[in-house]
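# Working through the structure, step by step
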Amino acid sequence: MYEKNINIIMGNQIATSYVRKRDCYNQLKGFMQHEYPGKICALYGLRRTGKTVMMYQYISELSDKDKEKTVYILCLRECDMLELRQAMEDLYDKGVRNFFLDEITEVTDFQKYTFSDYFAAKGAKIVIAGTDSLGIMLAQSDILYDRIQMIHTSYIPFAEFSKLIENDSVDEYIEYGGTLTKSPYKTLQASEEYQNTAIVGNILHSLEKSEDARRYGAAITELYEQNELKSVLNKMINKFSYYTTVKAVNKCFKSAPLYSTIHNIQEPSYVSLINTEEANQATKNALGIKDLDEMQTSLSKRHLDELKNYLLELELFLEIPSYISLNSGERSEDLEIFMQPGMIYAHSTALIKNLADDSMWKDTCGIADRNLFILRADHFVKGILLENIILAETYKTFQKIDLDRYYVSQLSITLRNNNQHVEADMILVDKQKGESYLFEVKYSNQIVIDQTKHLRNTDFLEYIDENFGKVKSRLVLYTGASSKQNDVLYLNAATYLKRLSIVSNTPRPEIKQLLNENCNTSKPNLKTTSRKKPRKL
């Protein structure tokens, strides 16, 4: 009997205590309430991003009459399509017209067969979801083709995250952003487990159940067959942000968060005393990462491009085009951002704790105040992640508004006329109006004069005018209260990220809606430098 491998819950038995809804919930509601002949709907995303809850929420809001025509089916391991179809036939004969099929990727032959045309032709609505979301994507590209409406759940921007958990803390989003519970990234072990199940396992299981895995890229299946996918994926995740993937993975593993930490430390004694190889080896072991010489497969650009495409399909990875001069078309390397800040933070925290607890700190480094080092390291890692979050969300927002009109990226150049190195953490250009907006992003609640040194550099401003568009406004996004100082606008980062959500859903939005200058213009206590007086350690 099919009851052994599937759990059937009728609509009148469904209830949920979750009141707040994902932003994409209305897409599900729209599919259920409108006619889409021959199509099914797929909730497509990583674990713990609200797919099952959305199903429950919709069912629980139906009238009693409609609940009688609705069923939630949980597919268990060993279930096959014949069993599922038999169950659906029986339920259809009893009057069921709305089918919510959860964990559909557990069905052994899901990617080989489809039932959308058959049941849709009989007037049924079908919504599917599954842990191995890549399997749904592969099915979409093959058997389902244009007969499926995809609702993406993996990407949870700050505004939505803060609404759902009722907390506006930027720290909370940095530490746990990416899912709707804290548990995946609470510890390194939890983060590694989530990464290996929600991401690596997602890809592996989807390839396993594919009728012909090699169709989806020979290079990726070479890694899969030699059990190296986990290692390569971990490398790509750890080498996040501004490092090019090809160069990063082909080098002996060195932790990006560690180097970020070292380069931000003022005292040279830290850099000279830290045993980076020992720290890197311990972190590498903790994350199960192989070095290049331990791998059987040569890591070519082809391997990495294919793997990157899977991460893009899972909404885990973002590539942002970058220009040295937008007007002349001179390019620089694309920016690469991993879209799970909580996962990156968990890795970084593990590294910092390793440094603090390792015997080298006691016997070799001779650092009395290691807590100060840990505090600084944590602060800097959060600063990098805050930059990534703001850049990624701004880019995605303006791509949605008008991808041809707006340009969003970072800029780091050396001016040719005087050899000055200048940079902006983010540049936003309205190409239609020929206007540019420059941003510094700081994980700090203090207004410090040094924060705006690039924004005040007249040579840099002239370069922007000539190569991107006339500078309209200069801003610092930070964790303090909004204020304006010497023509530089300070905006609270959480406020800015929440405004992005509003702007993205506003007809004909204007940048000025995002950069509202009606804020506190009182003069807070200014600091002349961001450097603290060195403490003896």
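Scroll up to find the structure this text is about.
Now for a description of the structure that goes with this document. (Residues numbered from 1 in each chain as written. Predicted model: local features only at pLDDT ≥ 70, side-chain atom pairs only at ≥ 80, totals over all residues. Heavy atoms only, no water.)

### With respect to the packing of helix α7 (residues 158-165) against helix α21 (residues 493-504)
Interaxial distance between α7 and α21 falls to 8 Å at its minimum, and their mutual angle equals 100°. By the angle between their axes, α7 is roughly perpendicular relative to α21. In this structure, α7 contributes Phe 158, Ala 159 and Ser 162 to the contact, and α21 contributes Ala 494, Leu 497, Lys 498 and Ser 501. The residue inventory of the contact of α7 with α21, partitioned by class, reads four nonpolar, two polar and one charged. (Axes fitted to C-alpha atoms, helices over the stretch in contact; angles between N-to-C directions. Helix = DSSP H or I, 4+ residues; strand = E, 2+ residues; numbered from the N terminus. Parallel < 35°, antiparallel > 145°, perpendicular 65-115°, else oblique. Contact = heavy atoms within 4.5 Å. Nonpolar A, V, L, I, M, F, W, Y, C, P; charged D, E, K, R; others polar.)

### Structural notes on unusual backbone geometry
Positive phi outside glycine occurs at Glu 103, with the angle close to 55°. In this fold, Glu 103 is placed in the loop between β4 (98-102) and α5 (116-121). Not every positive phi belongs to a glycine, and Glu 166 is a case in point at roughly 55°. Relative to the helices and strands, Glu 166 is located in the loop between α7 and α8 (170-176). Residue Glu 166 is classed as exposed on the basis of its relative accessible area, which comes to 59%. (Buried < 20%, exposed > 50% of the residue type's maximum accessible area, 1.4 Å probe, protein only.)

### Overview of the pattern of salt bridges
Inspection of every chain in the model, using the stated rule, returns 15 salt bridges. Note that Glu 106 is salt-bridged to Arg 77, the shortest N-O span being 3.9 Å. Placement of the pair is Glu 106 in the loop between β4 and α5 and Arg 77 in the loop between β3 (70-75) and α4 (81-93), with a sequence separation of 29 residues. (Salt bridge = Lys/Arg side-chain N within 4 Å of Asp/Glu carboxyl O.)

### What to know about the sheet that holds strand β10 (residues 421-430)
The strand order β9-β10-β11-β12-β14-β13 describes an open sheet built from six strands, whose pairing is mixed. Here the strands that pair on one side only, and so sit at the sheet edges, are β9 (406-414) and β13 (483-485). Between one strand and the next, the sheet's axes are offset by a mean angle of 30°, whatever the strand orientation. In terms of strand pairing, strand β11 (residues 435-441) meets strand β12 (residues 470-478) through seven bridges, oriented parallel. Among the inter-strand pairings, Ser 436 is bridged to a residue of β12, identified as Val 471. Docked against the sheet, helix α20 (residues 458-467) engages β9, β10, β11 and β12, running at close to 120° with respect to β12. Set on the sheet, α21 makes contact with β10, β11, β12 and β14 (488-492); between it and β14 the angle comes to about 80°. (Pairing = 2+ DSSP bridges.)

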